[in-house]
Amino acid sequence: MEKSSRIYVAGHRGLVGSAIVRALRGQGYDNLILRSHAELDLTNRPAAHAFFDQYRPEYVFLAAAKVGGILANDTYPADFIRENLEIQTSVIDAAFRCGVKRLLFLGSSCIYPKLAPQPIKEEYLLTGPLEPTNRAYALAKIAGIEMCWSYNRQYGTKYLAVMPTNLYGPGDNFDLQGSHVLPALMRKVVEAKLAGEKKLVVWGTGRPRREFLYSDDLAEACLHLSNLPETVYDALLGANEAPLLNVGTGEDITIRELAELVARVLDFDCQLVFDTSKQDGTPQKLLDVSRIHDLGWRAKVGLEEGIRRVHAFFQSQLQRANS
């Protein structure tokens, strides 16, 4: 990508999209095309096509999506599959029609089978049943991968699907009804401290293992991939396998260990209480990241440092809301 290239970041206000915008601006890219949901509803296909026709982006980061934790996915499966399919279809097809040079489609590690061998390699896609609580979302993302692959095969496009592990970072969702596990734990700790409580309620048994990636690390990975030399990038788009690449740290911890770490970093001396009436989800989701390591990228922000950064962000949000 040239510094003056026209770059569209779909979903630039979300956790992933905002991190990509920070990374782009930090590296001197100054011709960014950004639209909020209020300005452009990507589920409206004619509007999306008109937008692409007018602004003709050369590169696209497709980070727009409806996302949420176990409760949200399990409660609103129709919303998750419908909205994500509509967004993906609008953007991927519009990108093809206006000649986008490269597109990165952001997915999720939940695309892999619930009981996939660990660590999870890219080729494990579609080799077993999905986790039921987020199957609708996972199927939408799998459809996005297939759509990228199909357009590459039929039209010669250069669309790459990036599958990050569990993400966290500035701009995360801290709503307890819709958030993922790490921001939910952080909010619970902050609220418990303010209330003078001495316990932290954790959903499930605490035994599932999860891998966590700081959002700015993912953004750096996306820019790294988008700037790969033509021959290296094209090799990721082989006709005989999905154009799919894992992004993660290659390390995981149990939910119990995560809760203990959040409590320690936020200086909260408490008793952990596990609510086993809540579902655990997939037992383990550790990605095999050997392929992206071979391409010269590795995560930089450790989990403890990342939690400190997100806590500072969350505290600044609370202060702003109370001022």
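Quick summary incoming for the structure in this document.

Reading the values: rules and limits
- Residues numbered from 1 in each chain as written.
- Predicted model: local features only at pLDDT ≥ 70, side-chain atom pairs only at ≥ 80, totals over all residues.
- Heavy atoms only, no water.
- Pairing = 2+ DSSP bridges.
- Helix = DSSP H or I, 4+ residues; strand = E, 2+ residues; numbered from the N terminus.
- Contact = heavy atoms within 4.5 Å.
- Axes fitted to C-alpha atoms, helices over the stretch in contact; angles between N-to-C directions.
- Buried < 20%, exposed > 50% of the residue type's maximum accessible area, 1.4 Å probe, protein only.
- Right-handed = clockwise from strand over helix to strand, strands pointing away.
- Parallel < 35°, antiparallel > 145°, perpendicular 65-115°, else oblique.
- Left-handed = near helix turned anticlockwise from the far one by under 90°.
- Expected span 1.5 Å × (residues − 1).
- Salt bridge = Lys/Arg side-chain N within 4 Å of Asp/Glu carboxyl O.
- Polar contact = N/O pair within 3.5 Å; in protein donor to acceptor, adjacent residues only side chain to side chain.

**Let's talk about the sheet that holds strand 8 (residues 209-210)**
Step number 1: Ordered by their spatial adjacency, 3 strands build an open sheet running 11-8-13, and the pairing between neighbours is mixed. With one partner strand each, in any of the chains shown, strand 11 (253-254) and strand 13 (284-285) form the two edges of the open sheet.
Step number 2: The sheet contact formed by strand 8 and strand 13 spans 2 bridges and is parallel. Counterpart to Arg209 in the pairing with strand 13 is Gln284.

**Considerations on the sheet that holds strand 4 (residues 102-106)**
Step number 1: If you walk across this open sheet you meet the 6 strands as 2-1-3-4-5-10, and the pairing is parallel. Two strands bound the open sheet, and with one partner strand each, they are strand 2 (32-33) and strand 10 (244-247).
Step number 2: Running at roughly 165 degrees to strand 4, helix 5 (residues 135-155) makes contact with strand 4, strand 5 (159-164) and strand 10 of the sheet.
Step number 3: Set on the sheet, helix 7 (residues 215-226) makes contact with strand 3 (59-62), strand 4, strand 5 and strand 10; between it and strand 4 the angle comes to about 150 degrees.

**Remarks on the pairing of strand 4**
Step number 1: Within strand 4, 5 of the 5 residues are buried, which leaves it mostly tucked inside the rest of the structure.
Step number 2: The alternating pattern of strand 4 places Arg102, Leu104 and Leu106 on one face and Leu103 and Phe105 on the opposite face, and all of these are buried.
Step number 3: Judged from the 4 bridges that link them, strand 3 and strand 4 form a sheet pairing that is parallel. Bridged to Phe61 within strand 4 is Leu104.
Step number 4: Relative to strand 5, strand 4 is paired through 4 bridges, and the arrangement is parallel. The residue bridging Phe105 from the neighbouring strand is Ala161, located in strand 5.
Step number 5: Note that the unit made of strand 4, helix 5 and strand 5 has a crossover that is right-handed.

**Re the packing of helix 4 (residues 77-97) against helix 5**
Step number 1: Two elements in contact, helix 4 and helix 5, have axes whose closest approach is 8 Å; the angle formed by their N-to-C orientations is 15 degrees. What the angle tells us is that helix 4 and helix 5 run roughly parallel. Every pair of crossing elements has a handedness; the one defined by helix 4 and helix 5 is right-handed. Between helix 4 and helix 5, the residues in contact are Pro77, Phe80, Ile81, Asn84, Leu85, Gln88, Thr89, Ile92, Asp93 and Phe96 and Ala136, Tyr137, Leu139, Ala140, Lys141, Ala143, Gly144, Met147, Cys148, Tyr151 and Tyr155, respectively.

**Observations regarding the packing of helix 1 (residues 15-26) against helix 7**
Step number 1: Closest axis-to-axis distance for the helix 1/helix 7 pair is 8 Å, and the angle between their directions is 60 degrees. If you check the angle between helix 1 and helix 7, you find them oblique. Considering only the axes of helix 1 and helix 7, their crossing is right-handed. Contacts from Leu15, Val16, Ala19, Ile20, Arg22, Ala23 and Leu24 of helix 1 reach helix 7 at Ser215, Asp216, Leu218, Ala219, Glu220, Cys222 and Leu223.

**A look at helix 4**
Step number 1: With 21 residues, helix 4 should reach 30 Å at 1.5 Å per residue; the first-to-last C-alpha distance of 30 Å fits that figure.
Step number 2: Among the residues of helix 4, Phe80, Asn84, Ile87, Gln88, Ser90, Val91, Ile92, Asp93, Ala94 and Ala95 are the ones counted as buried.
Step number 3: Buried residues along helix 4 sit against helix 2 (45-55), strand 3, helix 3 (70-75), strand 4, helix 5 and strand 5.
Step number 4: Once helix 4 finishes, Gly99 follows within two positions and takes phi at roughly 75 degrees, a positive value.

**Overview of the pattern of salt bridges**
Step number 1: Counted according to the given criterion, the structure contains 18 salt bridges.
Step number 2: The partner of Glu58 in a salt bridge is Arg6, with the nearest N and O atoms 3.8 Å apart. Remark: Arg6 occurs in the segment before strand 1 (7-10) and Glu58 occurs in the loop between helix 2 and strand 3; sequence separation between them is 52 residues.
Step number 3: The exposure class of Glu58 is buried, given its relative accessible area of 16%.
Step number 4: The partner of Arg97 in a salt bridge is Asp93, and the shortest N-O contact between them spans 2.7 Å. You can see Arg97 and its partner Asp93 sitting in helix 4, 4 residues apart, about one turn around the helix.
Step number 5: For Arg97, a relative accessible area of 54% translates into the label exposed.

**Describing the side chain of Glu131**
Step number 1: For Glu131, the location among the structural elements is in the loop between strand 4 and helix 5.
Step number 2: For Glu131, a relative accessible area of 4% puts it in the buried group.
Step number 3: Among the polar contacts listed, one links the side chain of Glu131 to the side chain of Lys114, at a separation of 3.3 Å.
Step number 4: One polar contact links Glu131 to Thr133, side chain to side chain, over a distance of 2.6 Å.

**Focus: the side chain of Ser226**
Step number 1: With respect to the helices and strands, the residue Ser226 is situated in helix 7.
Step number 2: The class of Ser226 is buried, set by a relative accessible area of 4%.
Step number 3: Excluding residues that lie within four positions of it along the chain, Ser226 makes contacts with Met1, Phe61, Arg102 and Leu104.

Nothing here speaks to function; it is geometry throughout.
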